[in-house]
Amino acid sequence: MKKIFTLVSMAFVAMSVNAQTEESYVAVDADGNMSAEYASVIDENNVATNVENGNSIVKFSTANVEVEAVGSAEPADKVDPEDPTVNMGQDITVGALIDKALHLYELVSINSTKPIKWEKKNQGDINFSYIAGTGVPAVSMVAEEVYTDGEATGKYRVVYTTFDPEKGGEPKSGLYYKFTTKVDGALKVGIWANKGNRLTLLVDSETKACSQYLVEGYINGQTWKEEDVEAGLCTADQVGQKKWLSNDAIRALGSEDKPWVIGAGNQPFWGNVVIDAKAGKTYWLFQSNSQIGFQKYTFYPGKSKEEVIDTVTGVESIKTFTEKANGACYNLAGQKVDSAYKGVVIQNGKKIVIK
């Protein structure tokens, strides 16, 4: 009986440790080394070798998080048999007419496809590596006849119906990631968003509705300036470099009526999205009508998204205040403060958080 009790006690201890330990997965590191799960399913040209039913699925996990990365094929282009340089539209078979005015047709089948790729890329000036996949995320697809100067060409292309946050739904094709968490916690996912003005979405698979997220990272065009040096927010050699932005700073660049658009319109984004993940739930991560890059994820059991997000811009130079004798401290208004002050201060030219 004592042995059984000991084993049960050990099991509870193991569960407790498993539930509370921060855990991370890196898809491609700063040196460009792709994780084994991705590297094992591509050839020398980064083409997926595990394609079934038009999809390549890559699975990986940590203690409390399971992930499926789904990349999809897109229709290949047809060429004129008499002149291979002439594009004849996409290689699809078209069915019944839906709406003649819109030139829309049912998409019956895709006859041939372009290869699915998983390849590593890097934003060099900030050393941000990520995995790029293929496929336009869509909830449905139809075929459209191409018209030129009001005349039908006899060529057809796929038109994708993208996710509408007002209606909800789920991606039926394209590039997306499925995250399933075993316990409650904060899930932080490193991404590259090609088009900042497209919707970046984390959708609850149970409700088919968007989950609220916080965001932090770099936006193309948002750089350190001379006035930031004068304010003690960066050093002179950082001027012109991309600026790491807090959630508040990023949201200030956008508009309240577009909560799923990250920052300043049609600009690439490199950084993290963070949600409150619930035990046993699955979340889809994708970008509307564009591909999303995946860098890594970190899961914080028992934490909330507010606890793990950066709260101030310029986080590279922020550290928790542990020594109060390293020089005078000033608040962001330039006023000298003492050790009783709580919040962000400037000390020795650097931002510091006093807790």
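Residues numbered from 1 in each chain as written. Predicted model: local features only at pLDDT ≥ 70, side-chain atom pairs only at ≥ 80, totals over all residues. Heavy atoms only, no water.

**So, the overall build of the protein chain**
Step number 1: Looking only at helices and strands, the protein chain has 5 helices and 22 strands in total.
Step number 2: Looking at the protein chain as a whole, 43% of its 355 residues are labelled buried.
Step number 3: Residue pairs at least 24 apart in sequence account for 68% of intrachain contacts in the protein chain once pairs closer than 6 positions are excluded.
Step number 4: Accessible surface computed for the protein chain: about 18300 Å², of which carbon and sulfur atoms make up 49%. (Helix = DSSP H or I, 4+ residues; strand = E, 2+ residues; numbered from the N terminus. Buried < 20%, exposed > 50% of the residue type's maximum accessible area, 1.4 Å probe, protein only. Contact = heavy atoms within 4.5 Å. Areas by Shrake-Rupley, 256 points an atom, 1.4 Å probe, with all protein chains shown as cover.)

**Looking at the environment of valine 203**
Step number 1: Summarising the element assignment, valine 203 is placed in strand β14 (residues 200-204).
Step number 2: Among the residues examined, valine 203 registers a relative accessible area of 0% and is labelled buried.
Step number 3: Expressed as a C-alpha distance, the spacing of valine 203 and glycine 169, which sit 34 residues apart in the sequence, is 8.3 Å.
Step number 4: The residues contacting valine 203, other than those within four sequence positions of it, are Phe163, Gly169, Lys208, Ala209, Cys210, Ser211, Thr282, Tyr283, Trp284 and Phe286.

**Side note on the packing of aromatic side chains**
Step number 1: Applying the stated criterion to the full structure yields 14 aromatic pairs.
Step number 2: Consider the rings of tyrosine 25 and tyrosine 297, whose centres lie 5.9 Å apart with planes at 15 degrees: the pair is stacked. Pair noted here: tyrosine 25 is in strand β1 (residues 23-26) and tyrosine 297 is in strand β18 (residues 292-301), with a separation of 272 residues, a long-range link.
Step number 3: By relative accessible area, tyrosine 25 is classed as buried at 8%.
Step number 4: Tyrosine 297 gets classed as buried once you look at its relative accessible area, which sits at 0%.
Step number 5: Considering the side-chain rings of tyrosine 105 and tyrosine 156, the 5.5 Å spacing of their centres and the 90 degrees angle between planes classify their relative orientation as edge-to-face. Of this pair, tyrosine 105 sits in strand β7 (residues 104-110) while tyrosine 156 sits in strand β11 (residues 151-161), and the two are 51 residues apart along the sequence.
Step number 6: With a relative accessible area of 16%, tyrosine 105 lands in the buried category.
Step number 7: Classification of tyrosine 156 by relative accessible area gives partly exposed; the value is 21%.
Step number 8: Here the aromatic residues Tyr25, Tyr38, Phe60, Trp118, Tyr177, Phe179, Phe294 and Tyr297 are joined through ring pairs into a cluster of three or more. (Phe/Tyr/Trp six-rings, centres within 6.5 Å; stacked < 30°, edge-to-face > 60°.)

**What about the pattern of salt bridges?**
Step number 1: Applying the stated criterion across every chain yields a total of 10 salt bridges.
Step number 2: Among the ionic pairs, glutamate 216 bridges to lysine 188, the shortest N-O distance being 3.0 Å. Of the two residues, glutamate 216 is situated in strand β15 (residues 214-219) and lysine 188 in strand β13 (residues 185-193); the sequence distance between them amounts to 28 residues. As far as burial versus exposure is concerned, glutamate 216 and lysine 188 are alike and both buried. (Salt bridge = Lys/Arg side-chain N within 4 Å of Asp/Glu carboxyl O.)

**Overview of the side chain of serine 211**
Step number 1: Within the secondary structure, serine 211 is located in the loop between β14 and β15.
Step number 2: Dropping the residues within four chain positions of it, serine 211 is found in contact with Leu202, Val203, Asp204, Trp260 and Tyr283.

**Let's talk about the pairing of strand β5 (residues 83-90)**
Step number 1: Relative to β5, strand β4 (residues 77-80) is paired through 3 bridges, and the arrangement is antiparallel. Within the sheet, the bridge partner assigned to valine 79 lies in β5 and is asparagine 87.
Step number 2: Linkage of β4 to β5, two consecutive antiparallel strands, is achieved through a turn of 2 residues. (Pairing = 2+ DSSP bridges.)

**Focus on the sheet that holds β14**
Step number 1: Spatial ordering of the open sheet is given by β2-β3-β12-β17-β14, a layout of 5 strands whose pairing is antiparallel. Only two strands of the sheet have a single neighbouring strand rather than two, namely β2 (55-61) and β14. Shown here is a sheet whose adjacent strand axes are inclined to one another by a mean of 20 degrees, direction ignored.
Step number 2: Examined bridge by bridge, strand β3 (residues 65-72) and strand β12 (residues 176-181) share 6 bridges and lie antiparallel to one another. (Axes fitted to C-alpha atoms, helices over the stretch in contact; angles between N-to-C directions.)

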